[in-house]
Amino acid sequence: MSSSTPLVSLCQQATFIKSASLVTQCPPDIGLEVAFAGRSNAGKSSALNTLTHARLARTSKTPGRTQLINFFRLDDERRLVDLPGYGYAKVPLELKAHWQQHLDAYLTGRHSLAGLVLVMDLRHPLSDFDCMMLEWARKSGIPAHVLLSKADKLAYGAAKNELLKVQARMRKELRSDATVQLFSSPKRQGVEQAHEVLAGWLFPPEAEAGLEEPES
């Protein structure tokens, strides 16, 4: 990735735009945005905060706290999006149903969505919902990248073996071409690799001219 790509600088200056409980409340569907999804205890908010060098996303010892779609501005044309955490047993079924409906409406109808970052706990990867998200991304043609978080919880060799297992299962069972990497928020492991993926989505060469030039 070209060193001239200003993603890291933009991430450091990222600011909160708004929260939405309904798709109709989302910011205008223009420009490009990357969404972060994952189980409520997978470390999604910590990963987002680590990648932006800021405390944008709320972290909590109580999984399931992120109940809205939260939008963060990088610049006038680019955003990061924190999607509601999913799969936590103590969340009421009615609320789970609302989140799932809301999430589906966002994922299927958001034209500015350039990529999906799926955060999974390295020790408990590829839950049913993780697989469902990867299947949705494959069928929708949306590029996906998996952060296997909490990699610091395992020795490097064990973590690498788990990475290879996840890659193999994704290819063979899920037919997914999503990319995968190890990630640790406390150790800042994998930050540069993740930034390269985000930059590729948010600064695609074929789209830069269109983003920079106003319509006639």
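The residue numbering used here restarts from 1 in each chain and proceeds along that chain's sequence as written. With pLDDT at 70 or above as the cut-off, local features in this predicted model cover only qualifying residues; side-chain atom pairs require 80 or more to be listed or tallied, and sums for whole chains, interfaces and linings still use all residues. Where side-chain values are given, they derive from all heavy atoms of the structure, hydrogens and water being excluded.

Looking at an unreviewed UniProt entry, one finds the protein named Probable GTP-binding protein EngB and attributed to Halopseudomonas aestusnigri. UniProt positions are given in the numbering used here, feature names are shortened, and annotations may be inferred rather than shown by experiment. According to UniProt, the comment filed for the protein under the heading Cofactor (unreviewed entry) is "Mg(2+)". Annotation of the protein in UniProt includes, under Sequence similarities (unreviewed entry), the sentence "Belongs to the TRAFAC class TrmE-Era-EngA-EngB-Septin-like GTPase superfamily. EngB GTPase family."

Draft legend 1. Highlighting the overall build of the protein. Think of it this way: any DSSP run of H or I at least four residues long counts as a helix, any run of E at least two long counts as a strand, and we number them from the N terminus. Tallying secondary structure elements over the protein gives seven helices and seven strands in all. Helices and strands in the protein line up, N terminus first, as α-β-β-α-β-β-α-β-α-β-α-β-α-α. A simple rule labels every residue: compare its accessible area, found with a 1.4 Å probe on the protein chains alone, to the largest value its type can have, and call it buried under 20%, exposed over 50%, or partly exposed in between. Within the protein, buried positions represent 48% of all 216 residues. Note on areas: Shrake-Rupley with a 1.4 Å probe; residue coverage comes only from the protein chains shown. Split by element, the accessible area of the protein, about 11,100 Å² in all, is 51% carbon and sulfur.

Draft legend 2. Representation of helix α4 (residues 128–140) within the structure. Multiplying one less than the number of residues by 1.5 Å gives the expected span of a helix. Taking 1.5 Å per residue as the helical rise, α4 with its 13 residues ought to reach 18 Å, and the 18 Å between its terminal C-alpha atoms agrees with that figure. Among all positions of α4, only Phe 129, Asp 130, Cys 131, Met 133, Leu 134, Trp 136 and Ala 137 are buried.

Draft legend 3. Highlighting the pairing of strand β7 (residues 179–182). Strand pairing is assigned whenever DSSP identifies at least 2 bridges connecting the two strands. Alignment of strand β6 (residues 144–149) against β7, held across four bridges, turns out to be parallel. When the sheet's bridge partners are listed, His 145 is paired in β7 with Thr 179.

Draft legend 4. Representation of unusual backbone geometry within the structure. Positive phi outside glycine occurs at Lys 150, with the angle close to 60°. Looking at where Lys 150 falls in the secondary structure, it is placed in the loop between β6 and α5 (156–172). Taking relative accessible area as the criterion, Lys 150 reaches 24% and is therefore assigned partly exposed. Of note in this structure, Arg 175 is not a glycine but carries a positive phi near 55°.

Draft legend 5. Seen up close, the environment of Lys 153. Its location among the elements puts Lys 153 in the loop between β6 and α5. The spatial distance from the C-alpha of Lys 153 to the C-alpha of Arg 123 is 8.3 Å, given a sequence separation of 30 residues.

Draft legend 6. Summary view of the sheet that holds strand β5 (residues 113–121). The seven strands are arranged β1-β3-β4-β2-β5-β6-β7 in an open sheet whose pairing can be described as mixed. Looking at which strands have only one partner, the edges of the open sheet turn out to be β1 (15–20) and β7. Along the sheet, successive strands turn relative to each other by an average axial angle of 20°, direction set aside. For helices, the fitted axis covers only the stretch in contact; all axes are lines through C-alpha atoms, and the angles between them, taken along N-to-C directions, range from 0 to 180 degrees.

Draft legend 7. Region of the structure containing the packing of aromatic side chains. Two aromatic rings from Phe, Tyr or Trp, using only the six-membered ring of Trp, form a pair when their centres are within 6.5 Å; if the ring planes differ by under 30 degrees the pair is stacked, by over 60 it is edge-to-face, and anything between is tilted. A full pass over the atoms with the stated rule returns two aromatic pairs. Judged by centre distance (6.4 Å) and plane angle (70°), the rings of Phe 71 and Tyr 106 are edge-to-face. With Phe 71 in strand β3 (residues 69–75) and Tyr 106 in helix α3 (residues 93–109), the pair connects residues that are 35 residues apart, well separated along the chain. For the pair shown, Phe 71 and Tyr 106 are each scored as buried. Of note, Arg 78 hangs over the ring of Phe 203, and the distance from its end group to the ring centre comes to 4.0 Å. The rule is short: NZ of Lys or CZ of Arg within 6 Å of the ring centre and within 35 degrees of the ring normal puts a charge over the ring.

Draft legend 8. Layout of the confidence of the model for the protein. Residue-level pLDDT values for the protein average 86, and 82% of them are 70 or greater. pLDDT expresses how confident the predictor is about each individual residue, on a scale running from 0 to 100. Two residues qualify as a contact provided that any one of their heavy atoms is within 4.5 Å of a heavy atom in the partner residue. Here residues 60–65 scores under 50 on pLDDT; set against residues more than four positions off or in separate chains, the count is nine contacts.

Draft legend 9. Layout of the pattern of salt bridges. One speaks of a salt bridge when a side-chain nitrogen belonging to Lys or Arg is within 4 Å of a carboxyl oxygen belonging to Asp or Glu. Applying the stated rule across the entire model yields twelve salt bridges. For the salt bridge of Arg 110 with Glu 33, the shortest nitrogen-to-oxygen distance reads 2.7 Å. Taken together, the residues span a long stretch of sequence, with Arg 110 in the loop between α3 and β5 and Glu 33 in strand β2 (residues 32–38) at a distance of 77 residues. Three or more residues are tied together by salt bridges with common partners; here these are Asp 29, Glu 33, Arg 79 and Arg 110.

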